[in-house]
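What follows is each chain in one-letter form.
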Amino acid sequence: MSRVAVLGLGTMGAPIAGHLATAGHEVRAWNRSATRPAPAGATRVATLAEALTGADAVVLSVSDTPDVEALILGANGMPGAIDLLAPGAIVIDTSTISPSATRTMGERLAAKEILMVDAPVSGGSEGAQKGTLTVFLGGSDEAVAAAHPYLTTFGKTITHLGPLGAGQVGKAVNQLVISGTYLSVAEGILVGQKAGLDPATLAAALAGGAARSWVLENRWERMANDTYPLGFRVALHRKDLGIAIELADELNVAVPAAMLVATLEDDLIASGHGDEDLSALARRLRELADAMDAHD
């Protein structure tokens, strides 16, 4: 088994580290905030150098492009993976970041004979805990083959979409699609409730037809009860959606549904709800409905 450094112990990174440890790998886990513990089987280390030195593979799960760049390329005089890994090691980035930045980092790593794949994931906190994440994979055939034994410990559906950066494009498309799905499910549940329908009965009926979706089956209850415990944070999806909208703009593709969702998410973040689950789009729709009722 291999020595694996896991960088980032958030909602996705901590369970990923746990699955890697369960599979028998020696896992050294590091997080920028010292308050996050390592999962069972993994060793929490205090410094990035401790995590990276001697690692055969590095799995990143952090928030945004600058965070990944700092960990891979180094920042503020501190070394990164490019400085501390030996030739033949592989970097597996499960974060959701810019496709172009991914390609640039991969080129620089390749000059040091270090492999890289972009492997952003989908499936929410539930999928991370169960080890059933969907992985959008980009990279060379060599890098994909090297990454595969690690990816299978936490991913169920692993799809190689193309060269480095293709995984990030696939994840951007995913975020575009789910933005519309969350919004339409929220609209439907709210309309049904205001019309007097029982939301549980309505959700069961919808799940039997063409409206069936993961969002409907797993988030209708939160929308109906107007409670949004942490799953996939609004603020994090808004970051992802910004990447997707920027990509669409580069490709001259109009994404009006995503633009609307981005505006609603901006409203939620501005009113202090950015850390709620993405199903909180229903909260914003309720606010708009209440305002219309008051106007009437």
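Note on numbering: residues in each chain are counted from 1, in written sequence order. The model is predicted, so local features are restricted to residues of pLDDT at least 70 and side-chain atom pairs to those at 80 or more, both for listing and for counting; the totals for chains, interfaces and linings are taken over all residues. Remark: hydrogens and water are excluded; side-chain values derive from all non-hydrogen atoms of the structure.

**Here's the deal with the nonpolar core**
A general feature of soluble globular proteins is that nonpolar side chains tend to end up buried together.
No. 1: By size, the foremost hydrophobic cluster in this structure holds 31 residues, and its most contacted members are Y182, M223 and L281.
No. 2: Every helix listed is a DSSP run of H or I at least four residues long, and every strand listed is a run of E at least two residues long, numbered separately from the N terminus. For this core, the secondary structure elements donating two or more residues are helix 8 (166–194), helix 10 (214–225), helix 11 (234–250), helix 12 (256–270) and helix 13 (281–295).
No. 3: At seven residues, the largest contribution of residues to this core is made by helix 8.
No. 4: In these notes, a set of buried Ala, Val, Leu, Ile, Met, Phe, Trp, Tyr and Cys residues joined through side-chain atoms within 4.5 Å is what counts as a nonpolar core. For the exposure calls, accessible area comes from a 1.4 Å probe over protein chains only, and a residue counts as buried if that area is under 20% of its type's maximum, exposed if over 50%, partly exposed in between. Of all hydrophobic cores here, the second largest spans 30 residues; its members include M12, A57, I90 and L137.

**Some points on a nonpolar patch on the surface**
No. 1: Each patch is built from residues lacking any salt bridge and having more than 30% relative accessible area; the joining distance is 9 Å for like charges and 5 Å for nonpolar side chains (Val, Leu, Ile, Met, Phe, Trp, Tyr). Working definition of accessibility: Shrake-Rupley area with a 1.4 Å probe, residue cover restricted to the visible protein chains. The term salt bridge refers to a pairing of a side-chain nitrogen on Lys or Arg with a carboxyl oxygen on Asp or Glu at a separation within 4 Å. Together, V169, V173 and V177 line one region of the surface with nonpolar side chains, adding up to about 220 Å² of accessible area.
No. 2: Counting through the fold element by element, V169 comes out in helix 8.

**Quick notes on the pairing of strand 5 (residues 90–93)**
No. 1: Burial along strand 5 is two-sided: the residues I90 and I92 and V91 and D93 are all buried.
No. 2: We treat two strands as partners when DSSP finds at least two bridges between them. In terms of strand pairing, strand 4 (residues 57–60) meets strand 5 through four bridges, oriented parallel. Counterpart to A57 in the pairing with strand 5 is I90.
No. 3: Taken together, the four bridges between strand 5 and strand 6 (residues 115–118) define a ladder with parallel strand orientation. Directly across from I92, in strand 6, lies its bridge partner V117.
No. 4: Viewed with both strands pointing away, a crossover whose connecting path from the first strand over the helix to the second turns clockwise is right-handed. Taken together, strand 5, helix 5 (residues 99–110) and strand 6 constitute a β-α-β crossover, and its handedness is right-handed.

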